[in-house]
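Secondary and tertiary structure notes
For reference, the chains in residue letters:
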Amino acid sequence: MSQDLGPEQAPEAPDMGTVVLMLGLYLIILAFFILLNAISEVSQEKTELVQDSLAEGFSFTDPVGEGIQQDPIEQTAQPIYDDFTEDVQGILRAHFVQEEYTLQQESDYMKVIFEVERFFHPGANKLKANLASFFDDMAVSMAKDRPGTFMIAQVMIRATPTDNTQYVPYDPVELAGRRAALFLRALLERGAPNTYTSATAELNNISELVMKFRVVEDDQAKELQDAEQKYQETHPQRGVQ
């Protein structure tokens, strides 16, 4: 006896809603990748802009495809120079009243001007004993460790033809040179560095003592010292290195 299984059931048709949804997702993904490709197209202008920004931020330029480091002296030595000038100003305020000196400060050097008689008795070449602590403080500041830089220091005494020399057998310029050397020796004996430090004298229309300081990087110090030496050789002055 055969069993009646009834009419044969046809397989279920796929859900068209699901198919449409999947196709939509594929289209969205495709559109996303097309957008990424459009965004990632190389722009020479934008590339150069990014390179320039990186070069400026890291102190590098690359004009011909080779990295060249650009690190100006001012960027490295300036903080050290600023620190030194603050020290000097503090020392000056501690030992002198404002009317006893003139301070001239530029971006890369400092100059302090005194009357010669502030350190020496009239017509003599002996330092005043009450200024020993000033030389102590200056020597400590000049000798402070400043990695990668050198302190260039110059002491100059300008003399006039009529300067008083009644207590010494020297003409005014020779007396000024001996005074400058004595002033510098007082600093060196207290520990000031003798590298790139000089004492000079010259004939001028004003009598004054000038201390000039400059902080430079190691590779610039020798060049500046050579230039200063050539200047001294071509000008009527007497000096002691």
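Look above for the structure.
Described in the following lines is the structure provided in the data block. Keep in mind it's a predicted model, so treat the numbers as computed, not measured. (Residues numbered from 1 in each chain as written. Predicted model: local features only at pLDDT ≥ 70, side-chain atom pairs only at ≥ 80, totals over all residues. Heavy atoms only, no water.)

**Topic: the pairing of strand S5 (residues 149-159)**
- Counting buried positions along S5 yields ten of eleven residues, so the element is predominantly enclosed.
- For S5 and strand S7 (residues 208-217), the ladder comprises ten bridges, and the chain directions are antiparallel. Across the sheet, Ala153 pairs through a bridge with Phe213, a residue of S7.
- Where S5 lies against strand S6 (residues 197-203), seven bridges are found, and the strand directions are parallel. Note on S6: the bridge partner recorded for Arg158 is Glu202.
- Following the chain from S5 across helix H5 (residues 172-188) to the adjacent parallel S6, one finds a crossover that is right-handed. (Buried < 20%, exposed > 50% of the residue type's maximum accessible area, 1.4 Å probe, protein only. Helix = DSSP H or I, 4+ residues; strand = E, 2+ residues; numbered from the N terminus. Pairing = 2+ DSSP bridges. Right-handed = clockwise from strand over helix to strand, strands pointing away.)

**Focus: the pairing of strand S3 (residues 101-105)**
- Judged from the five bridges that link them, S3 and strand S4 (residues 110-114) form a sheet pairing that is antiparallel. Pairing of Gln104 across the sheet is with Lys111, part of S4.
- The antiparallel hairpin formed by S3 and S4 contains four residues in its connecting segment.

**Things to note about helix H4 (residues 132-142)**
- Listed in full, the buried residues belonging to H4 are Phe134, Phe135, Met138, Ala139, Ser141 and Met142. An end-on view of H4 places all buried positions within 160 degrees of arc, on one side of the element. (Arc of directions from axis to C-beta.)

**Regarding the pattern of salt bridges**
- Within this structure, the stated rule accounts for seven salt bridges.
- Ionic pairing is found between Asp87 and Lys144, a salt bridge with its closest N-O pair at 2.7 Å. With a gap of 57 residues between them, Asp87 in helix H3 (residues 73-95) and Lys144 in the loop between H4 and S5 connect regions that are remote in the sequence.
- Owing to a relative accessible area of 37%, Lys144 belongs among the partly exposed residues under this scheme.
- Between Arg158 and Glu202 there is a salt bridge whose closest N-O contact spans 2.7 Å. Note that Arg158 is positioned in strand S5 and Glu202 in strand S6, a separation of 44 residues in sequence. No difference in accessibility class separates Arg158 from Glu202, as the two residues are buried. (Salt bridge = Lys/Arg side-chain N within 4 Å of Asp/Glu carboxyl O.)

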